[in-house]
Amino acid sequence: MTLGAHPGDSDAAREIRSLARPLAGTDDLDPLVERIGGARFAAIGEASHGTHEYYRWRCRLARRLIEEHGFTWIGVEGDWPDCWRINRWVRGEDDRDQDSDGLLSRFERWPTWLWANQDVAEFLTWLRGWNATRPPAEAVGFYGLDVYSLWDSLSEIISWLEVHEPDAVHTARLAWRCFMPYRHNPHNYAWSTRLVPESCEPDVVALLAEVRQRTRHGDEDAFAAAQNAEVAANAERYYRVMIRGDRESWNVRDIHMADTIDRLAEHHGPRSKGMIWEHNTHVGDARATDMARDGLVNVGQLLRERHADEGVALVGFASHRGSVLAAGAWGSPEQVLTVPDARPSSHEGLLHNVLGTDALLVFPDDRAGPWLGAWLPHRAIGVVYQPGREAGNYVPTRMGGRYDALIWLEETTALVPLHHEPRPEEPEYETEPTGF
């Protein structure tokens, strides 16, 4: 049933009430599961990187999509080498004596809490159990889509070549030696290319070509090596572009993630179905935000452009108030921070005033209504968060264009991390949604 209308409702309020369904238990996801279960790609967002309820509901939805609709892999906003270890573990192939907490404790790149938290640990334990009851060919994989792991990926490539293609190790070591003077710091490398117009690009491009040729018809480990080569090449470009303060670095990163999704879909076969777990800012179609005005694309947009005929579903999250796990500055320790009430003029403010309780909103084909078609601010909290500067956390958004459904949560709480942040070994510059 819908949440009841009020006599004084505006047109936008009436539209919201007509779409909203109560959300209290997993069974309340039925309309969403039915709507997106047939899609080949289901991208499920989050409005912060540190909210327990976003992770919990995403995991609940993921379980149902796997159990009831045969989704076969998950791609997350994480590094390929770290997530490859998780993939091997959930398939029962490596680290059999580890539990999920121990496995996730090996995440070292700041911010580790994105994946090393209680909600993810609980889900991965379930996923490993699910896979254990199925043939290996039907096991659900878990993969990292991101572009940051330059040194880790180079190291993984060398290790694979030493075992499988030793005559190609020389090409990999040339790339490694090119980066060695920068002591595993991508910013030192990137700054050097501003001062001297020479880079390691030729070496990593040559390595990518070599690895592509030698892994063309390989097994799972060869596929991982090939992806590490893609990461190394795109990471080198990402850091060079980013250090110029060029917003094109956003596009380098999101195009890399979309390309990785395509490679995973091809690797798993034409009948495979994938879930993507990323921030709303990557999942929600950029064309329905002010990102498009600045020439930025994102994963949600690229999925729709590339795979509309196969079925693409984009699911966003939003909330009114609560707490979040985030840092006050880039590279700083995590904190539990207060999320103030949403701005009254925002999507969140309107949803709070109209609903005042958790709800699921699945959008119809016609998105031209007074709420779905309206441009309003939509909150996006990143890994760096300063509640006193809330105005900068809102993105102009046309909700009906950005997502296919929205999970609305009135009040949320902070994630519980598995460990506190270590000192970062490979610092990163900020990227959206926290700023350039």
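What you see is a predicted model; the values in this text were computed from it and never measured.

A. Geometry of the overall build of the protein chain. Counting its regular elements, the protein chain contains 16 helices and 11 strands. Taking 22 Å as the expected radius of gyration for a compact globule of 436 residues, we find that the protein chain reaches 22 Å, a close match to that expectation. Each principal axis of the C-alpha atoms in the protein chain carries an extent, and together these give about 75 × 50 × 40 Å. Considering the protein chain as a whole, with its 436 residues, one finds that 58% of them fall into the buried category. The long-range fraction of contacts in the protein chain, counting pairs at least 24 apart against all pairs at least 6 apart in sequence, stands at 78%. Distance between charge centres in the protein chain, computed from 45 positive and 68 negative side chains, equals 2 Å.

B. Highlighting unusual backbone geometry. A cis geometry characterises the amide bond from Trp110 onward to Pro111, with omega recorded as 0 degrees. Within the element layout of this structure, Pro111 appears in the loop between α5 (100-104) and α6 (118-132). The phi dihedral of Asp95 is positive, around 55 degrees, even though this residue is not glycine. Structurally, Asp95 can be placed in the loop between α4 (80-90) and α5.

C. How the structure looks around the nonpolar core. Counting residues in each nonpolar core, the largest one holds 57 residues, and the members touching the most others are Ile66, Phe123, Met275 and Trp277. In terms of residue count, helix α3 (residues 52-69) provides more of this core than any other element does, eight residues in total. By size, the runner-up hydrophobic cluster in this structure holds 33 residues, among which are Tyr148, Ala190, Ala226 and Tyr238.

D. Spotlight on the state of the cysteines. A complete count under the given rule lists one disulfide for this structure. One disulfide bridge connects Cys178 with Cys200, the sulfur atoms lying 2.0 Å from each other. Between Cys178 and Cys200 the disulfide shows an S-S torsion of about -90 degrees. By sign, it is left-handed. Of this pair, Cys178 sits in helix α8 (residues 169-179) while Cys200 sits in the loop between α9 (186-195) and α10 (201-214), and the two are 22 residues apart along the sequence. Unpaired in this structure, Cys59 has its nearest cysteine sulfur neighbour in Cys83, at a distance of 13 Å.

E. A look at the packing of α10 against helix α11 (residues 220-243). Contact pair α10 / α11: the axes reach a minimum separation of 9 Å and the direction vectors enclose 160 degrees. Comparing the axis directions of α10 and α11 gives the class roughly antiparallel. Crossing handedness for the pair α10 and α11: left-handed. Contacts from Glu201, Val204, Leu208, Val211 and Arg212 in α10 reach Ala225, Ala226, Ala229, Glu230, Ala232, Ala233, Glu236 and Arg240 in α11.

F. Region of interest: the side chain of His347. In this structure, His347 sits in helix α15 (residues 347-354). With a relative accessible area of 0%, His347 lands in the buried category. A distance of 3.0 Å separates the side chain of His347 from the side chain of Trp371, its partner in a polar contact. Ignoring sequence-local partners within four residues, the contact set of His347 consists of Trp371, Ala374, Leu376, Pro377, His378, Thr397 and Met399.

G. Quick look at the pattern of salt bridges. A complete count under the given rule lists 36 salt bridges for this structure. Its salt-bridge partner being Arg240, residue Glu201 comes within 3.3 Å of it at the nearest N-O pair. One end of the pair, Glu201, is in helix α10; the other, Arg240, is in helix α11, with 39 residues separating them in the sequence. The exposure class of Glu201 is partly exposed, given its relative accessible area of 34%. Looking at Arg240, the relative accessible area reads 16%, which means it is buried. The shortest N-O distance in the salt bridge between Arg321 and Glu411 comes to 3.5 Å. In this pair, Arg321 is assigned in strand β6 (residues 312-326) and Glu411 in strand β11 (residues 405-412), connecting sequence segments 90 residues apart.

H. Structural context of the pairing of strand β4 (residues 141-144). The alternating pattern of β4 places Gly141 and Tyr143 and Phe142 and Gly144 on opposite faces, both of which are buried. Note: strand β3 (residues 73-76) against β4, four bridges, orientation parallel. Across the sheet, residue Val76 finds its bridge partner in β4, namely Gly144.

I. Focus on the confidence of the model for the protein chain. Per-residue pLDDT for the protein chain averages 92, and the proportion of residues at 70 or more is 94%. Predicted confidence for residues 431-436 stays below pLDDT 50, and this span has 21 contacts to residues more than four positions away or in other chains.

J. Here's a closer look at the packing of aromatic side chains. If you walk through the whole model with that rule in mind, you get 21 aromatic pairs. Between Trp80 and Trp84, the ring centres sit 5.6 Å apart and the planes meet at 20 degrees, which makes this aromatic pair stacked. Of this pair, Trp80 and Trp84 both sit in helix α4, four residues apart, which is roughly one turn of the helix. What makes Trp84 buried here is its relative accessible area of 11%. Ring geometry for Tyr238 and Tyr239: centres 5.3 Å apart, planes at 75 degrees, overall edge-to-face. Note on Tyr238: relative accessible area 1%, which makes it buried. By relative accessible area, which is 0% here, Tyr239 ends up buried.

K. Region of the structure containing the pairing of strand β5 (residues 274-277). Neither face of β5 is exposed, since Gly274 and Ile276 on one face and Met275 and Trp277 on the opposite face are all buried. Examined bridge by bridge, strand β2 (residues 41-44) and β5 share four bridges and lie parallel to one another. Considered in β5, the bridge of Ala42 is made with Met275. Here β3 pairs with β5 via four bridges, running parallel. Bridged to Val76 within β5 is Trp277.

Reading the values: the criteria
Residues numbered from 1 in each chain as written. Predicted model: local features only at pLDDT ≥ 70, side-chain atom pairs only at ≥ 80, totals over all residues. Heavy atoms only, no water. Helix = DSSP H or I, 4+ residues; strand = E, 2+ residues; numbered from the N terminus. Rg over C-alpha atoms; globule rule 2.2 N^0.38 Å. Buried < 20%, exposed > 50% of the residue type's maximum accessible area, 1.4 Å probe, protein only. Contact = heavy atoms within 4.5 Å. Lys, Arg positive; Asp, Glu negative; His and termini not counted. Charge placed at Lys NZ, Arg CZ, Asp CG, Glu CD. Core = buried A, V, L, I, M, F, W, Y, C linked by side-chain atoms within 4.5 Å. Disulfide = S-S within 2.5 Å. Axes fitted to C-alpha atoms, helices over the stretch in contact; angles between N-to-C directions. Parallel < 35°, antiparallel > 145°, perpendicular 65-115°, else oblique. Left-handed = near helix turned anticlockwise from the far one by under 90°. Polar contact = N/O pair within 3.5 Å; in protein donor to acceptor, adjacent residues only side chain to side chain. Salt bridge = Lys/Arg side-chain N within 4 Å of Asp/Glu carboxyl O. Pairing = 2+ DSSP bridges. pLDDT = per-residue confidence, 0-100. Phe/Tyr/Trp six-rings, centres within 6.5 Å; stacked < 30°, edge-to-face > 60°.

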